[in-house]
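# Fold and geometry: a report
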Amino acid sequence: MKHIFLLFFITSLSFGQDYPKDYFISPLDIPLDVSGAFGELRSNHFHTGLDLKTKGVEGLPVYAVADGYVSRIKISTWGYGKAIYVTHPNGYTSVYGHLQSANGKIEEMIHKRHYDEKAFEIELFLKPSELPVKQGEVIALSGNSGGSGGPHLHFEIRDTKTEMVINPLLFGFDALVIDKYRPKVNSVMVYPLNDTIAINNEYLTQTIPLSINDEGSYVTNKITSNGAIGFSLNVFDNMTNPYNKNGIYKVSTFVNGVPYFSYKFDTFSFDESKHINYFIDYFRFKNMGQRFQKMFIENEYPLSIVNQNKRDGILKVQPSASYTYKIIVEDFSKNTSIIEIPVVYKKAQSPLIISTSTDKKIKAKNDYIFEEEKWTINFGANTFYENFNMRLNSKEDTLFLHEDEIPVKNSFNISFDISDLDETLKKKSFIAYLDGKDVDYIKSYIKGDKINAKVKKLGNYRVVQDTIAPKIYGVNFSEGKTIDTYTIISAKISDDLSGIDSYKAYLNGNWILMEYDYKSKKLVHTLSDNIYVKGKNDFKVVVTDEMNNSTTFESYFYKNN
């Protein structure tokens, strides 16, 4: 077996930490092709590792990158799907996600635990003596489990003690990730940071047209302003191939040659990841689907990659002054793209601001309770990052709580009065988020005549009843059929409203493991588990949704070998 080993490099200093460059080997025995970079902008979080392509297939061997022990195993329908965590004696833990299966003794332990707990979703925390592994040992096969959008390996490195995620490229993996492509800038935007600031005589956020000069740098026309402005950037990096649009590693800004604001994706905590919605221009993302990452901070927030700056990144354009605002975008291999923006002061006519708004004025640092006959909203202090005018109204049974275009820092509480419902319907009720025609279930609890939920975004809410049981269909055998050539039995399950909460399957009254893939809606049992008997086998599946509506499917088949 051929392994790809990391080359030795002189260690560098990053965030005050020396990372070993010759300690880990590659988790895959193929050239590393990155489809997802560390820190990449994702929905509601930064990407916490490297996504490594597996040639579009599942089942490639996954290797322990160093000696250590399997410290944690998590099997989930969502997220990382099937994941293995290996703790190493040098203070780091490697993580391998979206696996098809584990290997050897690891898989045997997982399989036993499934049957011991009678559950597909399990989590194990192990001692160093239980499952030791050696560097280069095959610990799993690559897959597409959990929230994966296609076959690949999600690979992470964490600080074992703090659980901080760290860019794997800092450990020398950059020697295996060949990146010859400079980052590509799609667009730059400039923001007037209060109502009296004009940019090019307009009191609006604007896109700055870009062109490329002979040296390959991006240049723009001169912009004018009369006060405080900020910039944001829409950019991607091709990294290991010209097709995948990966996130970028580092952004630095300069004003007249002086360092002004910067960030780079070396390390961050899981708790920080939710702040991505303030790091980007959330309004533009929700309305236009474009992620612009801001290069300024209007209000402080706990994201370590930006709050290390001594400046807030806001350019305060002064009378009789001119500036060259320079942005350098850099990938880990030091390929760079440069944007230069000339800025000059120009006095602007004071805007005519006419406000007829009846919106609620929200100050981020204050508590608020809004209440009408049928609903109550409770915003704690610091629910939001910044002040804004909130639109709030209701019609019939729906609460219209602004739009999902203002980022929420901390969750808040909503409650509805359900005293007009009988006890049967109360038990089938939940608070739903209305996303166009989609109804998204939110875990809710009932206290007296009130139904309550903790929510994380603005938008439209109402109380919904789910009285319809889930569906079981697409069973891969006909009742009474002999299935001697079959290696699996399978069925599909779905629920149109609150969603699947649990399922259980049995052969001849004995619980069997059926793995659930929500992407295909399929339950699969492997007959090599040897739970079946020769002759007739009774098969049963019970599926329950979040509102405790349940469906049972029963059938039988014959197996003679």
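This structure is a prediction, so every number in the text was calculated from the model and none was measured.

Conventions and cut-offs
- Residues numbered from 1 in each chain as written.
- Predicted model: local features only at pLDDT ≥ 70, side-chain atom pairs only at ≥ 80, totals over all residues.
- Heavy atoms only, no water.
- Salt bridge = Lys/Arg side-chain N within 4 Å of Asp/Glu carboxyl O.
- Buried < 20%, exposed > 50% of the residue type's maximum accessible area, 1.4 Å probe, protein only.
- Helix = DSSP H or I, 4+ residues; strand = E, 2+ residues; numbered from the N terminus.
- Phe/Tyr/Trp six-rings, centres within 6.5 Å; stacked < 30°, edge-to-face > 60°.
- Core = buried A, V, L, I, M, F, W, Y, C linked by side-chain atoms within 4.5 Å.
- Contact = heavy atoms within 4.5 Å.
- Pairing = 2+ DSSP bridges.
- Axes fitted to C-alpha atoms, helices over the stretch in contact; angles between N-to-C directions.
- Expected span 1.5 Å × (residues − 1).
- Arc of directions from axis to C-beta.
- Polar contact = N/O pair within 3.5 Å; in protein donor to acceptor, adjacent residues only side chain to side chain.

### Looking at the pattern of salt bridges
According to the stated counting rule, one finds 23 salt bridges in the structure shown. The partner of Glu-163 in a salt bridge is Arg-158, and the shortest N-O contact between them spans 3.2 Å. The buried category is assigned to Arg-158, whose relative accessible area is 4%. With its nearest N and O atoms 3.3 Å apart, the salt bridge here joins Lys-426 to Glu-423. You can see Lys-426 and its partner Glu-423 sitting in helix 5 (residues 423–427), 3 residues apart, about one turn around the helix. For Lys-426, a relative accessible area of 7% puts it in the buried group. Connected through salt bridges with shared partners, the residues Glu-40, Arg-42 and Asp-51 form a single ionic network.

### Side note on the packing of aromatic side chains
Counted according to the given criterion, the structure contains 36 aromatic pairs. When the centroid spacing of 5.2 Å and the interplanar angle of 35° are considered together, the rings of Phe-38 and Phe-268 count as tilted. Residue Phe-38 is found in the loop between strand 3 (34–36) and strand 4 (41–42), and its partner Phe-268 is found in strand 25 (residues 267–268); the two are separated by 230 residues along the sequence. What makes Phe-268 buried here is its relative accessible area of 1%.

### Examining the nonpolar core
In terms of nonpolar packing, the biggest core is built from 115 residues, with Phe-231 and Phe-279 touching the most fellow members. Membership of the second largest hydrophobic core comes to 29 residues, among which are Phe-384, Met-390, Ile-414 and Leu-458.

### Here's the deal with the side chain of Thr-220
Examined against the element boundaries, Thr-220 turns out to sit in the loop between strand 20 (218–219) and strand 21 (223–225). Its relative accessible area of 11% is what places Thr-220 among the buried residues. Apart from residues lying up to four places away in sequence, Thr-220 is in contact with Ile-208, Pro-209, Leu-210, Ile-339, Glu-340, Ile-341 and Pro-342.

### Observations concerning the pairing of strand 22 (residues 228–236)
Judged by how many residues are buried, strand 22 sits mostly within the fold: 9 of 9 residues are covered. Bridging between strand 17 (residues 184–192) and strand 22 involves 8 bridges; their strand directions are antiparallel. Bridge pairing in strand 22 places Lys-184 opposite Phe-236. Sheet analysis places strand 22 next to strand 27 (residues 315–316), joined by 2 bridges and oriented antiparallel. If you follow Ala-228 over to strand 27, its bridge partner there is Lys-316. Two strands pair when backbone bridges link them, and strand 22 and strand 26 (residues 293–294) are joined in this way by 2 bridges, in the antiparallel orientation. Residue Leu-233 lies in a different strand from strand 26, and its bridge partner there is Gln-293.

### Looking at the sheet that holds strand 42 (residues 471–473)
In space, the 4 strands of this open sheet follow the order 42-43-47-46, with antiparallel pairing throughout. Pairing within the sheet leaves two strands with one partner each, and these edge strands are strand 42 and strand 46 (515–517). Neighbour-to-neighbour, the strand axes of this sheet turn through a mean angle of 25°, independent of strand direction. Taken together, the 3 bridges between strand 46 and strand 47 (residues 522–526) define a ladder with antiparallel strand orientation. Residue Tyr-516 lies in a different strand from strand 47, and its bridge partner there is Leu-523.

### What about unusual backbone geometry?
Within the chain, His-98 stands out as a residue other than glycine whose phi angle is a positive 65°. Assignment of secondary structure puts His-98 in the loop between strand 10 (92–97) and strand 11 (99–102). At Ser-320, a residue that is not glycine, the phi angle is positive and equals roughly 65°. As for its placement among the helices and strands, Ser-320 is situated in the loop between strand 27 and strand 28 (322–330). The class for Ser-320 is exposed, based on a relative accessible area of 82%.

### Observations regarding helix 1 (residues 104–117)
Under the 1.5 Å per step criterion, the end-to-end length of helix 1 is 20 Å for 14 residues, consistent within 8% with the ideal 20 Å. Among all positions of helix 1, only Ile-106, Ile-110, His-114 and Tyr-115 are buried. The arc that holds the buried residues of helix 1, viewed along the axis, is 165°, so those residues lie on one side. Seen from the open side of helix 1, the exposed residues pointing more than 90 degrees away from its buried face are Lys-105, Glu-108 and Lys-112.

### Details of the environment of Ser-419
Secondary-structure assignment places Ser-419 in the loop between strand 36 (412–417) and helix 5. Spatially, the C-alpha atom of Ser-419 lies 7.3 Å from that of Lys-450, the residues being 31 residues apart in sequence. One polar contact links Ser-419 to Asp-417, side chain to side chain, over a distance of 2.6 Å.

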